Amino acid sequence: QAQLVESGGGLVQAGDSLRLSCTASARTYGAYHGWFRQAPGKEREFVAAITWSGSDGDYADSVKGRFTISRSSTKDTIYLQMNSLTPDDTAVYYCAAKLAGRSRSPNDWNYWGQGTRVTVSS
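On a predicted model such as this, the values are computed, not experimentally measured, just so you know.

1. Structural notes on the environment of Ser122
Summarising the element assignment, Ser122 is placed in the segment after β11 (116-121). Given a relative accessible area of 88%, Ser122 falls into the exposed group. For the pair Ser122 and Val12, spaced 110 residues apart in the sequence, the C-alpha separation amounts to 9.1 Å. Beyond its immediate chain neighbours, meaning those up to four positions away, Ser122 contacts Ala14 and Pro87.

Below you can see the structure in the form of structure tokens.
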């Protein structure tokens, strides 16, 4: 059973918006959830993360002010609202869960989704 399932990726134009969703299984309840991305030929990088309560978000400098991470009232869905997209945002976006503590390093996270592709054309 997949612990995290992403959806919402697609092909958009520069300046457009897109919202990604991540449905989390019960196994990741209480966890710190986040989004990472990996562009072709590049390492996976941190994008944003949110506490279980939803009250505290953390953002990479490259997306601060453009992306917003949030959590549903039932806490089992994590969203990434992406505005003012640029071609540099093109990547496969992954949802992840960290069972204890916070980190921006991909190696520290416990569960990963299969990824959803976002392509931004110029």
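There's more to say after this.
2. Side note on the state of the cysteines
This model, assessed by the stated rule, comprises 1 disulfide. Disulfide pairing is shown between Cys22 and Cys95; the S-S distance is 2.1 Å. Taking the torsion about the sulfur-sulfur bond, which here is approximately -80°, the covalent link between Cys22 and Cys95 counts as left-handed. Here Cys22, found in strand β3 (residues 18-24), pairs with Cys95, found in strand β9 (residues 91-98); they are 73 residues apart in sequence, far enough to count as distant.

3. Notes on the packing of aromatic side chains
Scanning all chains against the criterion turns up 6 aromatic pairs. Pairing Phe36 with Phe46 gives two aromatic rings, centres 5.7 Å apart and planes at 80°, and the pair type is edge-to-face. Highlighted residues: Phe36 in strand β4 (residues 32-38) and Phe46 in strand β5 (residues 45-50), separated in sequence by 10 residues. Neither Phe36 nor Phe46 differs from the other in exposure class; each is buried. Ring geometry for Tyr94 and Trp112: centres 6.4 Å apart, planes at 80°, overall edge-to-face. With Tyr94 in strand β9 and Trp112 in strand β10 (residues 111-112), this pair connects stretches of sequence that are 18 residues apart. The class of Trp112 is partly exposed, set by a relative accessible area of 27%. Just above the ring of Tyr94 sits the side chain of Arg44; from NZ or CZ to the centre is 3.7 Å. We note Arg44 situated over the ring of Trp112; from NZ or CZ to the ring centre the distance is 4.7 Å.

4. A closer look at the sheet that holds β3
Taken together, 4 strands build an open sheet; the order of strands is β1-β3-β8-β7 and the sheet is antiparallel. The open sheet has two edge strands, β1 (4-7) and β7 (67-71), and neither has a second partner. Each neighbouring strand pair of the sheet contributes to a mean axis angle of 15°, computed without reference to strand direction. Where β3 meets strand β8 (residues 77-82), 6 bridges bridge the pair, whose relative direction is antiparallel. For Thr23, the partnering residue across the bridge sits in β8 and is Thr77.

5. Examining unusual backbone geometry
Here Lys75, not a glycine, exhibits a phi torsion of approximately 70°, which is positive. Relative to the assigned elements, Lys75 resides in the loop between β7 and β8. Backbone geometry places Ser84, a non-glycine residue, at a positive phi of 50°. Mapped onto the secondary structure, Ser84 falls in the loop between β8 and β9.

What counts and how
Residues numbered from 1 in each chain as written. Predicted model: local features only at pLDDT ≥ 70, side-chain atom pairs only at ≥ 80, totals over all residues. Heavy atoms only, no water. Helix = DSSP H or I, 4+ residues; strand = E, 2+ residues; numbered from the N terminus. Buried < 20%, exposed > 50% of the residue type's maximum accessible area, 1.4 Å probe, protein only. Contact = heavy atoms within 4.5 Å. Disulfide = S-S within 2.5 Å. Phe/Tyr/Trp six-rings, centres within 6.5 Å; stacked < 30°, edge-to-face > 60°. Lys NZ or Arg CZ within 6 Å of the ring centre and 35° of its normal. Pairing = 2+ DSSP bridges. Axes fitted to C-alpha atoms, helices over the stretch in contact; angles between N-to-C directions.

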